[in-house]
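Coordinates in review
Spelled out, the chains give:
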Amino acid sequence: MRFDLSESLRALKPEKHRGTLERRPDETLAWAADEPPIGGPLFLDTSVYLDVLQGRSPTEVDTLLTYRLCHHSAVCLSELTHAFGRLNPKHRSTKAALAAIAATVEDIPVHRLHAPDAPIWGQAGMLAGLLFRLSNLPKGEGHERRFVNDALIFLQARQLGASVLTGNARDFDFLSQLVPSARVILYRVPL
């Protein structure tokens, strides 16, 4: 599949965005607690997997995961499997952590696992750069790489007509300000 740079530039208009993005007030955003259990499909962000695996997911997230059709991103797969190389095999909790991640990965239905195509990769790079420029975060701290992954997940969800389910309110609020045609459902981990 071919990436059309001029079409993506027309769609995203990065040159028109100036200033700094500000997080919108909570009451203007879509929250899992306000979502009906039955509804449109979800596209899971990596935060969902991590919160479920660590037993921190709120009840309303667990309910949505039970009743809604869930799609998965190869981007999240990569973020999850990163642990197999990163974790110290000699640490006492590594074996259990990797077993939990392995069970989660093996439980993803192959027909619901989606890899970004070339146009999504191209647009995600532009969107991540725009997000970085408008967020005024310091360079060299990994934000740009993280934004690419978030933008990939965000754009894949839009392509599928699904809502991103995420605990990352700030970054996905910023993304939805830049591309309002995508839907995001947020949640907070209970204290």
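Anything mentioned here points back to the structure above.
Residues numbered from 1 in each chain as written. Predicted model: local features only at pLDDT ≥ 70, side-chain atom pairs only at ≥ 80, totals over all residues. Heavy atoms only, no water.

Below, the discussion takes up the nonpolar core. The biggest cluster of nonpolar side chains holds 50 residues, and the ones touching the most others in it are L127, F154, L165, F172 and L178. Per element, the largest residue contribution to this core is nine residues, and it comes from helix α6 (residues 118-135). Among all residues touching F154, those that are not within four sequence positions of it are L127, V164, F172, L175, S176, V179, A182 and V184. (Core = buried A, V, L, I, M, F, W, Y, C linked by side-chain atoms within 4.5 Å. Buried < 20%, exposed > 50% of the residue type's maximum accessible area, 1.4 Å probe, protein only. Helix = DSSP H or I, 4+ residues; strand = E, 2+ residues; numbered from the N terminus. Contact = heavy atoms within 4.5 Å.)

Right, let's get into the pattern of salt bridges. A complete count under the given rule lists eight salt bridges for this structure. Note that D173 and R24 form a salt bridge whose closest N and O atoms lie 2.5 Å from each other. With a gap of 149 residues between them, D173 in helix α8 (residues 169-178) and R24 in the loop between α1 (5-12) and β1 (42-44) connect regions that are remote in the sequence. A relative accessible area of 1% means that D173 is categorised as buried. With a shortest N-O distance of 2.9 Å, D171 and R146 are connected by a salt bridge. Of this pair, D171 sits in helix α8 while R146 is found in helix α7 (residues 143-160), placing the two residues 25 residues apart along the sequence. Note on D171: relative accessible area 2%, which makes it buried. Given the relative accessible area of 30%, R146 is considered partly exposed. In this structure, a network of salt bridges that share partners links the residues R23, D26 and R188. (Salt bridge = Lys/Arg side-chain N within 4 Å of Asp/Glu carboxyl O.)

Attention shifts here to the packing of helix α2 (residues 46-53) against helix α4 (residues 74-86). Across the interface, α2 lies against α4 with an axial gap of 9 Å and an inter-helix angle of 45°. Between α2 and α4, the interaxial angle falls into the category oblique. Of α4, the residues touching α2 (which contributes T46, Y49 and L50) are C76, E79 and L80. (Axes fitted to C-alpha atoms, helices over the stretch in contact; angles between N-to-C directions. Parallel < 35°, antiparallel > 145°, perpendicular 65-115°, else oblique.)

Looking now at the sheet that holds strand β4 (residues 163-166). Spatial strand order, β3-β2-β1-β4-β5: five strands in an open sheet with parallel pairing. Two strands lie at the open edges of the sheet, namely β3 (113-114) and β5 (183-186), each paired on one side alone. One ladder, built from three bridges, connects β1 with β4; its direction is parallel. Paired with F43 across the bridge in β4 is V164. Lying on the sheet, α4 is in contact with β1, β2 (70-73) and β3; it crosses β2 at an angle near 65°. Across the sheet, α7 is in contact with β1, β2, β3, β4 and β5; its angle to β1 comes to roughly 160°. (Pairing = 2+ DSSP bridges.)

As paired elements, β4 and β5 share four bridges and run parallel to each other. Note on β5: the bridge partner recorded for S163 is R183. With α8 bridging β4 and the parallel β5, this β-α-β connection has right-handed handedness. (Right-handed = clockwise from strand over helix to strand, strands pointing away.)

Let's shift gears to the packing of aromatic side chains. Following the criterion strictly, the structure yields two aromatic pairs and no others. Where F132 meets F147, the ring centres are 6.5 Å apart and the plane angle is 55°; that geometry is what we call tilted. With F132 in helix α6 and F147 in helix α7, this pair connects stretches of sequence that are 15 residues apart. Summarising the burial analysis for this pair, F132 and F147 share the class buried. An angle of 50° between the planes, with centres 6.5 Å apart, marks the rings of F154 and F172 as tilted. With F154 in helix α7 and F172 in helix α8, this pair connects stretches of sequence that are 18 residues apart. Looking at F154, the relative accessible area reads 0%, which means it is buried. A relative accessible area of 0% places F172 in the buried class. (Phe/Tyr/Trp six-rings, centres within 6.5 Å; stacked < 30°, edge-to-face > 60°.)

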